[in-house]
Amino acid sequence: MRILILGCGPLTSLLLASPDSAEHRFTVISDDIDRLNGVADEPRVTPLLILEPQMQDYLRMGGIDNADAFLALSEDEHQNILTAQIAKHVFNVGKVVCRLENPQLQRLYSGLDLEMVSPTLDLLQGLNRVLRSQIH
Amino acid sequence: MYILVIGCSELGYHLTKALLASGHEVMVVEKSQVRCDILTEELGSVAWQGDGTVESTLKQAGAARADVLIAATGHDETNLVACQLAKHVFQTSRTMAMIKDPKNEPVFHILGVDVVINSTHLILESLEERIPGRTFLRLMNLRSSSTGLVSITIPEDAGVVGRRLDDVELPPRSFISLVVKTNGVERPSGDLILEAEDEVIAVIPSGGEQTLYDILTGV
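Please read these numbers as outputs of a predicted model, since none were measured by experiment.

Conventions used here
- Residues numbered from 1 in each chain as written.
- Chains lettered and ligands numbered in written order.
- Predicted model: local features only at pLDDT ≥ 70, side-chain atom pairs only at ≥ 80, totals over all residues.
- Heavy atoms only, no water.
- Helix = DSSP H or I, 4+ residues; strand = E, 2+ residues; numbered from the N terminus.
- Rg over C-alpha atoms; globule rule 2.2 N^0.38 Å.
- Buried < 20%, exposed > 50% of the residue type's maximum accessible area, 1.4 Å probe, protein only.
- Areas by Shrake-Rupley, 256 points an atom, 1.4 Å probe, with all protein chains shown as cover.
- Lys, Arg positive; Asp, Glu negative; His and termini not counted.
- Charge placed at Lys NZ, Arg CZ, Asp CG, Glu CD.
- Salt bridge = Lys/Arg side-chain N within 4 Å of Asp/Glu carboxyl O.
- Pairing = 2+ DSSP bridges.
- Axes fitted to C-alpha atoms, helices over the stretch in contact; angles between N-to-C directions.
- Contact = heavy atoms within 4.5 Å.
- Buried area = accessible area lost by both parts, 1.4 Å probe.
- Polar contact = N/O pair within 3.5 Å; in protein donor to acceptor, adjacent residues only side chain to side chain.

## Focus: the overall build of chain A
Part 1 of the argument: Across its full length, chain A carries six helices and six strands.
Part 2 of the argument: Counting from the amino terminus, chain A carries its helices and strands in the arrangement β-α-β-α-β-α-β-α-β-α-β-α.
Part 3 of the argument: Its C-alpha atoms give chain A a radius of gyration of 16 Å, near enough to 14 Å, the size a compact globule of 136 residues would have.
Part 4 of the argument: Dimensions of chain A, computed from the C-alpha atoms along their principal axes, are close to 55 × 35 × 25 Å.
Part 5 of the argument: When each of the 136 residues of chain A is scored for burial, the buried share is 46%.
Part 6 of the argument: Accessible area for chain A stands at about 7200 Å²; split by element, carbon and sulfur atoms hold 52% of it.
Part 7 of the argument: One way to put it: in chain A the 11 positive side-chain charges average out to a point 7 Å from where the 18 negative ones average out.

In structure tokens, the structure reads:
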């Protein structure tokens with residue numbers, strides 16, 4: 001699959017390094033040159049430095065027209081929400097995933113049919129499981 | 001009318017003053033305590049300190065009874081979230097968003113924002129108006145957002161000079177709504193003869209502007 005990713009934080013780095021990613025090709029767009037340099041050596045990864053992540057021209061430069069999936073994984077939730085909805089409704093990307101940590105916004109956008117991931121909530125659930133197992 | 005304004009930048013500040021002067025009840029939701037204090041000191045209890053993209057803040061600021069929400073922060077993405085929260089959580093009947101990226105205009109409409117104000121377009125239009133000898137001017141975007149109203153001034157050497165309007169082939173789905181001549185305004189009948197320096201006001205679908213411009217100004 002051709003996958004376009006917005007944001008180049010630890011989550012993106014982990015995803016690119018995971019064995020499951022071996023069969024995919026990635027373009028990673030970010031306004032952080034240091035973080036992009038950190039993934040530039042990964043095979044099958046094209047880094048793209050941008051100034052305004054929400055601008056559709058930059059999404060096009062990243063190949064959103066031909067992307068099979070778009071992952072909005074930046075640390076700015078509002079940017080994730082806007083670009084994910086642009087990917088879904090303007091570029092009709094088949095698979096769109098939006099990183100969203102705020103439970104209120106998660107409720108709103110799940111109602112608007114946006115697929116979401118939330119590393120913080122996943123972590124919280126994991127911690128709760130560990131704590132429960134310690135108590136019992 | 002109760003109006004919620006999200007963001008108290010310079011625009012939000014002047015907007016709030018103008019709305020209050022028009023007799024509306026206004027509440028500004030602004031993150032910065034300092035800006036809220038300045039606003040309160042000058043205009044009274046019209047500021048609510050908080051994040052306008054947080055549901056509980058909007059609720060406290062009275063979003064449930066707001067007739068209009070105007071998202072006027074400097075960030076397109078923040079304005080979108082504020083409008084979508086107002087629309088889908090509080091059923092605000094009219095949401096308005098300021099945007100900077102012109103390409104976001106259609107997507108904001110698709111996503112349910114009622115009115116989208118494109119600040120980049122407004123500034124460009126204002127600049128174009130002041131350029132001497134301009135022959136093309138975008139007057140406004142019509143509500144459908146995919147259609148605009150433009151003004152084109154016919155130069156002396158244009159091929160259409162001396163021709164009947166009916167004989168000029170226009171781009172698909174476009175039409176001339178008004179012709180401003182040196183001696184007054186004329187309704188565009190088919191027999192109207194186009195002359196140099198006529199200002200043609202036309203309705204044109206987005207993307208057809210250059211074709212129309214070439215037809216009316218080409219030699």
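## Some words on the pattern of salt bridges
Residues and elements named next belong to chain B.
Part 1 of the argument: Considering all chains together, one arrives at 17 salt bridges over all chains under this definition.
Part 2 of the argument: A salt bridge links Asp167 to Arg164; its shortest N-O distance comes to 3.3 Å.
Part 3 of the argument: Classification of Asp167 by relative accessible area gives partly exposed; the value is 43%.
Part 4 of the argument: Between Lys181 and Asp198 there is a salt bridge, with its nearest N and O atoms 2.5 Å apart. Here Asp198 lies in the loop between strand E10 (184-186) and strand E11 (199-205) and Lys181 lies in strand E9 (residues 175-181), a separation of 17 residues in the sequence. We note that Lys181, like Asp198, is buried.

## Some details on the environment of Asp101 of chain B
All names here are of chain B.
Part 1 of the argument: You can see Asp101 is positioned in the loop between strand E5 (94-99) and helix H5 (104-110).
Part 2 of the argument: On the accessibility criterion, Asp101 (8% relative accessible area) is buried.
Part 3 of the argument: Sequence separation of Asp101 and Asp214 is 113 residues, and the distance between their C-alpha atoms is 27 Å.

## Here's the deal with the sheet that holds strand E1 (residues 2-6) of chain A
Through backbone hydrogen bonds, the strands of a sheet pair up, either in parallel or in antiparallel fashion.
Residues and elements named next belong to chain A.
Part 1 of the argument: Taken in spatial order, the six strands of this open sheet run E3-E2-E1-E4-E5-E6, and their pairing is parallel. Every interior strand has two partners, whereas the edge strands, strand E3 (45-49) and strand E6 (115-117), have only one. On average, each strand axis in the sheet is inclined to that of its neighbour by 20°, with strand direction left out of account.
Part 2 of the argument: Sheet topology places E1 next to strand E4 (residues 69-72); four bridges connect them, and they run parallel. Each residue of the ladder has a partner; that of Ile5, found in E4, is Leu71.

## A word on the interface of chain B and chain A
Part 1 of the argument: Taken together, the contact between chain B and chain A spans 20 residues of the former and 19 residues of the latter.
Part 2 of the argument: Contact between chain B and chain A buries roughly 1700 Å² in total, counting both sides, with carbon and sulfur atoms accounting for 59%.
Part 3 of the argument: Where chain B packs against chain A, one counts two salt bridges.
Part 4 of the argument: One salt bridge in this structure joins Asp57 of chain A and Lys103 of chain B, with 2.3 Å as the shortest N-O distance.
Part 5 of the argument: Summed over the shared surface of chain B and chain A, the result is seven residue pairs in polar contact (both at pLDDT 80 or more).
Part 6 of the argument: Elements supplying a minimum of two residues to the side of chain B that touches chain A: helix H3 (55-60), helix H4 (76-89) and H5 of chain B.

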